[in-house]
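The residues making up each chain are set out below.
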Amino acid sequence: MTPSDPAPPTSNISVRRGDPLVVMTDVQKHYGEFQALTDINLTVNRGEVVVVIGPSGSGKSTLCRTINRLETITSGTITIDGERLPEEGKALAALRADVGMVFQSFNLFAHLTVLENVTLGPIKVRGKKKADAEREALALLERVGVAHQSDKLPAQLSGGQQQRVAIARALAMTPKLMLFDEPTSALDPEMINEVLDVMTKLAEDGMTMIVVTHEMGFARRAADRVVFMADGLIVEEATPEEFFTAPKSDRARDFLSKLITH
């Protein structure tokens, strides 16, 4: 091919933005004799939204939790922004400050108000002045639609509201990356969309996100790339359009057929 020839058509995944932010190389995870993750090789680029899907027990949440070392890996390497994942101590705490995480169960401090939950990290970890932290927290709570609840305790909020506060709390640390581990699975159906809408807006705003979810509509709408896992393996990865219309593996076709028929 000469330099003047047009590039051949390609099915490679196009990424909207930046350079590699998370790189997982040959990652293995064992729990005793059980191998939860096998030969995981995954790169997530800055500004990219990667949605991880698959059947229950496929290793999705384990993969997500290894990225900020809530789960230690047996072998392999994980780097974030070019730095190898620290094992412990201040370096690990600093990394976790840069990686926001939103869990199934909202993990808010029950004895603190909504505003106090969101300002705690910036004040204690980032060293922000209380007034500055509160101003920024209120702006984030406004962004996720719960600013009017700022003086309430978490128990006074609905599940959907609590999860939106949890997202605001993670964003308050100005993370490089947001991890979402089944963020809607503990919610009543009518509350799921209010959380997914916040997450979709984050994706549109360019936040780097790794999202473990069963919400296929969100994957279609917000993902740059879908990673399909089964039995601790990444079976395939593709754009949402490619994955949902023409999955390559029998395992993915079987998974999608069950979603459609049930």
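Within every chain, residues take consecutive numbers counted from 1 along the sequence as written. Per-residue local features are limited, in this predicted model, to residues with pLDDT of at least 70; the limit for side-chain atom pairs, both in listing and counting, is 80 or more; totals at the level of whole chains, interfaces and linings are taken over all residues. Side-chain metrics in this entry use all non-hydrogen atoms of the structure; hydrogen atoms and water are not considered.

The name given to the protein chain in an unreviewed UniProt entry is ABC-type polar-amino-acid transporter, and the organism recorded there is Microbacterium caowuchunii. UniProt positions are given in the numbering used here, feature names are shortened, and annotations may be inferred rather than shown by experiment. As stated in UniProt under Catalytic activity (unreviewed entry), the record for the protein chain gives "a polar amino acid(out) + ATP + H2O = a polar amino acid(in) + ADP + phosphate + H(+)". Per UniProt, the protein chain carries the Subcellular location (unreviewed entry) text "Cell membrane".

**Some words on the packing of aromatic side chains**
Only the six-membered ring of Trp is used, alongside the rings of Phe and Tyr, when aromatic pairs are assigned; centres must lie within 6.5 Å, and planes under 30 degrees apart are stacked while those over 60 apart are edge-to-face, with the rest tilted. Per the stated rule, a full pass over the model turns up 3 aromatic pairs. Taking 5.3 Å as the distance between ring centres and 50° as the angle between the ring planes, the aromatic pair formed by Phe228 and Phe255 counts as tilted. On the criterion of sequence distance, the pair formed by Phe228 in strand 9 (residues 225–230) and Phe255 in helix 9 (residues 250–261) is long-range, its members being 27 residues apart. Measuring from ring centre to ring centre gives 5.3 Å for Phe243 and Phe244, while their planes differ by 85°; the resulting arrangement is edge-to-face. Residue exposure (1.4 Å probe, protein chains only): buried if accessible area is under 20% of the type maximum, exposed if over 50%, otherwise partly exposed. For Phe243, a relative accessible area of 0% corresponds to the buried category. Overall, the relative accessible area of 11% leaves Phe244 in the buried class. What links up through ring pairs into an aromatic cluster is the set Phe228, Phe243, Phe244 and Phe255. Helix numbering and strand numbering both begin at the N terminus, where a helix is a DSSP run of H or I of at least 4 residues and a strand a DSSP run of E of at least 2.

**Some details on the UniProt feature "domain: ABC transporter" (unreviewed entry) in the protein chain**
UniProt tags residues 22–256 as "domain: ABC transporter" (unreviewed entry). In this annotation, residues 22–256 is assigned 39% helix and 26% strand; the end-to-end C-alpha distance for the span is 27 Å.

**Comments concerning the sheet that holds strand 7 (residues 177–181)**
For two strands to pair, DSSP has to find at least two bridges joining them. Strand order in the open sheet formed by 6 strands is 6-7-8-3-9-10, with mixed pairing between adjacent strands. Both edges of this open sheet fall to strand 6 (99–102) and strand 10 (233–238), since each of them pairs with a single strand only. Within the sheet, the average angular offset between the axes of one strand and its neighbour, ignoring direction, is 20°. Sheet topology places strand 3 (residues 49–53) next to strand 9; 4 bridges connect them, and they run parallel. Pairing of Val50 across the sheet is with Arg225, part of strand 9. On the sheet, helix 2 (residues 89–98) packs against strand 6 and strand 7 and is oriented at approximately 65° with respect to strand 6. Contacting strand 3, strand 7 and strand 8 (209–212), helix 6 (residues 189–204) runs over the sheet at an angle of about 150° to strand 8. Under this scheme, a helix contributes an axis fitted over its contacting stretch, all axes are lines through C-alpha atoms, and angles between N-to-C directions fall in the 0 to 180 degree range. Contact criterion: two residues are considered in contact whenever any of their non-hydrogen atoms come within 4.5 Å of each other.

**Structural notes on the pairing of strand 7**
For strand 7, the buried fraction is high: 5 of the 5 residues fall into the buried class. Of the two faces of strand 7, both are covered, the one formed by Leu177, Leu179 and Asp181 as well as the one formed by Met178 and Phe180. The pairing of strand 6 with strand 7 spans 4 bridges and is classified as parallel. Within strand 7, the residue paired with Val102 across the bridge is Phe180.

**Notes on the packing of helix 3 (residues 114–124) against helix 5 (residues 159–171)**
Where helix 3 contacts helix 5, the two axes come as close as 8 Å, and the packing angle between them is 25°. In this view, helix 3 runs roughly parallel relative to helix 5, as classed from their interaxial angle. Both helix 3 and helix 5 take part in a crossing whose hand is right-handed. Counted together, Val114, Asn117 and Val118 of helix 3 and Val165, Ala168 and Arg169 of helix 5 form the full contact between these two elements. When grouped by side-chain class, the residues that make up the contact of helix 3 with helix 5 number 4 nonpolar, 1 polar and 1 charged. Every angle not falling under 35 degrees, over 145, or within 65 to 115 is termed oblique; those three ranges are roughly parallel, roughly antiparallel and roughly perpendicular. Each crossing gets its hand from how the near helix is turned against the far one by less than a right angle, where anticlockwise is left-handed and clockwise is right-handed. Residues are sorted three ways: Asp, Glu, Lys and Arg are charged, Ala, Val, Leu, Ile, Met, Phe, Trp, Tyr, Cys and Pro are nonpolar, and all the rest, Gly among them, are polar.

**Focus on the sheet that holds strand 4 (residues 75–80)**
Sheet strands pair by backbone hydrogen bonding; their relative direction is either parallel or antiparallel. Spatial ordering of the open sheet is given by 2-1-4-5, a layout of 4 strands whose pairing is antiparallel. If you trace the sheet from one side to the other, it starts and ends with strand 2 (34–45) and strand 5 (83–84), each paired once.

**Brief notes about the nonpolar core**
We call a set of buried residues a nonpolar core when its members are Ala, Val, Leu, Ile, Met, Phe, Trp, Tyr or Cys and they connect through side-chain atoms within 4.5 Å of each other. Ranked by internal contacts, the top residues of the largest apolar core, which has 51 residues, are Ile167, Met178 and Met209. Here this core takes 8 residues from helix 6, the largest share from any one element. For Ile167, the contacting residues outside a window of four places in its chain are Val102, Val144, Met178, Phe180, Val195, Val198, Met199 and Leu202. Judged by nonpolar contacts, the second largest core, of 28 residues, contains Ile40, Ile67, Leu85 and Phe103.

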